[in-house]
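# Observations on chain architecture
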Amino acid sequence: MSKFGFSFSLSRLLGIAGAKQSFARKTGVPMTKGGMERKLGSILIKSFFGKK
């Protein structure tokens, strides 16, 4: 919701966005759906075909 040049986010207000971001940085596991799919896909490919 963008109005009058600023936007509001409930998750940022409650600190959810920051907590997810810090968790992702510490563990190396992304918290977005696309990021998790990419990470899981790369792990599966490496397990089937070996590391290069």
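Details of the structure are given in the entry above.
My aim in this report is to walk through the structure given alongside it, one point at a time.

### A look at helix α3 (residues 33-49)
Given a rise of 1.5 Å per residue, 17 residues ought to cover 24 Å, and the 24 Å separating the end C-alpha atoms of α3 matches this to within 8%. Looking one or two residues beyond α3, the residue adopting positive phi is Gly-50, at roughly 80°.

### So, the environment of Thr-27
By the secondary structure assignment, Thr-27 is in helix α2 (residues 16-27). On the basis of relative accessible area, Thr-27 is assigned to the partly exposed category, the value being 40%. In this structure the side chain of Thr-27 is engaged in a polar contact, spanning 2.8 Å, whose partner is the backbone oxygen of Phe-23. A distance of 3.3 Å separates the side chain of Thr-27 from the backbone nitrogen of Val-29, its partner in a polar contact.

### Here we look at a nonpolar patch on the surface
Taken together, Phe-8, Leu-10, Leu-13, Leu-14 and Ile-16 make up a surface patch of nonpolar side chains, about 530 Å² in accessible area. Element by element, the count of residues in the nonpolar patch is highest for helix α1 (residues 10-14), at three residues. Its place among the elements puts Leu-10 in helix α1.

Reading the values: rules and limits
Residues numbered from 1 in each chain as written. Predicted model: local features only at pLDDT ≥ 70, side-chain atom pairs only at ≥ 80, totals over all residues. Heavy atoms only, no water. Helix = DSSP H or I, 4+ residues; strand = E, 2+ residues; numbered from the N terminus. Expected span 1.5 Å × (residues − 1). Buried < 20%, exposed > 50% of the residue type's maximum accessible area, 1.4 Å probe, protein only. Polar contact = N/O pair within 3.5 Å; in protein donor to acceptor, adjacent residues only side chain to side chain. Patch = residues over 30% accessible without salt bridge, like charges linked within 9 Å, V, L, I, M, F, W, Y side chains within 5 Å. Areas by Shrake-Rupley, 256 points an atom, 1.4 Å probe, with all protein chains shown as cover. Salt bridge = Lys/Arg side-chain N within 4 Å of Asp/Glu carboxyl O.

So yeah, pure geometry; function would need other evidence.
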